[in-house]
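Residue-level structure breakdown
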Amino acid sequence: MSKVRMEVFSDAVFAIIMTIMVLELKVPHGVDLAALSASLPVFLSYVLSFVYLSIYWNNHHHMLSVTHQVSGGILWANLHLLFWLSLIPFVSGWMGENRFASLPTAFYGVILLLAGCAYVLLQREILLREGPDSILAAAVGRDWKGRVSLLLYACGIPLALRHPWIAGAVYVSGALLWLVPDRRIEQRVSSYASLSRSLPQTGFWSRT
């Protein structure tokens, strides 16, 4: 099956989620810095969530760029990922409105963990479809960043119940881990393209 409809639908969902988040930002009723500072926790929560959604969209885009066909399993895995991501505006607003209280901050970590697991599942389904010799398989490798991210989220959840600000720092570190440019897929695509130009256009190279 073609991947086009899945890409278009996913992009639309990402756009809607981000729009919902910004609509949740309330305009301060006052005109001084005190009124603005009261909205600071909500704004910080929004920034963190926007960064996470941007990271997911970026990685999702790169992964699908080297995916040739999709299956029913991939479609369901993609919907599974979008489901957890669609809850980010809710937990983000809950955490910000309550000034990073323990329980909302812990639930924020739960959603990050479940979304991370859903992304790994989607990646696994695509790898099964593309095969061990695919560009994605070569680019992902052992996926240490994905594993470290899940570990950070899992550690942040119990930390939030006792020290929510430390948990918040853990979530920020997880985002910073992915803000470092990850060009694995781009590099693999470039190297395969260069190699394919130097080889006869038959077999595997004619398909990449």
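Thresholds, definitions, all that
- Residues numbered from 1 in each chain as written.
- Predicted model: local features only at pLDDT ≥ 70, side-chain atom pairs only at ≥ 80, totals over all residues.
- Heavy atoms only, no water.
- Helix = DSSP H or I, 4+ residues; strand = E, 2+ residues; numbered from the N terminus.
- Buried < 20%, exposed > 50% of the residue type's maximum accessible area, 1.4 Å probe, protein only.
- Contact = heavy atoms within 4.5 Å.
- Areas by Shrake-Rupley, 256 points an atom, 1.4 Å probe, with all protein chains shown as cover.
- Phe/Tyr/Trp six-rings, centres within 6.5 Å; stacked < 30°, edge-to-face > 60°.

1. Here's the deal with the overall build of the protein
Broken down by element type, the protein carries 10 helices and 0 strands. Each helix and strand of the protein, placed in order from N terminus to C terminus, yields the pattern α-α-α-α-α-α-α-α-α-α. Looking at the 208 residues of the protein, the share that counts as buried comes to 41%. A fraction of 80% describes how many contacts in the protein between residues 6 or more apart in sequence connect residues 24 or more apart. Working note: accessible area of the protein is about 11,600 Å², and carbon and sulfur atoms make up 68% of it.

2. Quick look at the packing of aromatic side chains
Aromatic ring pairs are defined here through the distance separating the ring centres and the angle between the ring planes. By the definition in use, this model includes 9 aromatic pairs. Seen in terms of ring centroids, F43 and Y46 are 6.5 Å apart; in terms of plane orientation they differ by 35°. Their pairing is tilted. In this pair, F43 and Y46 both sit in helix 3 (residues 40-65), 3 residues apart, roughly one turn of the helix. Overall, the relative accessible area of 16% leaves Y46 in the buried class.

3. Considerations on unusual backbone geometry
Unlike most non-glycine residues, R99 shows phi in positive territory, near 55°. For R99, a relative accessible area of 51% puts it in the exposed group. The residue F100 is not glycine, and still its phi comes out positive at about 60°. On the secondary structure map, F100 appears in the loop between helix 5 (88-97) and helix 6 (102-130). With a relative accessible area of 10%, F100 lands in the buried category.

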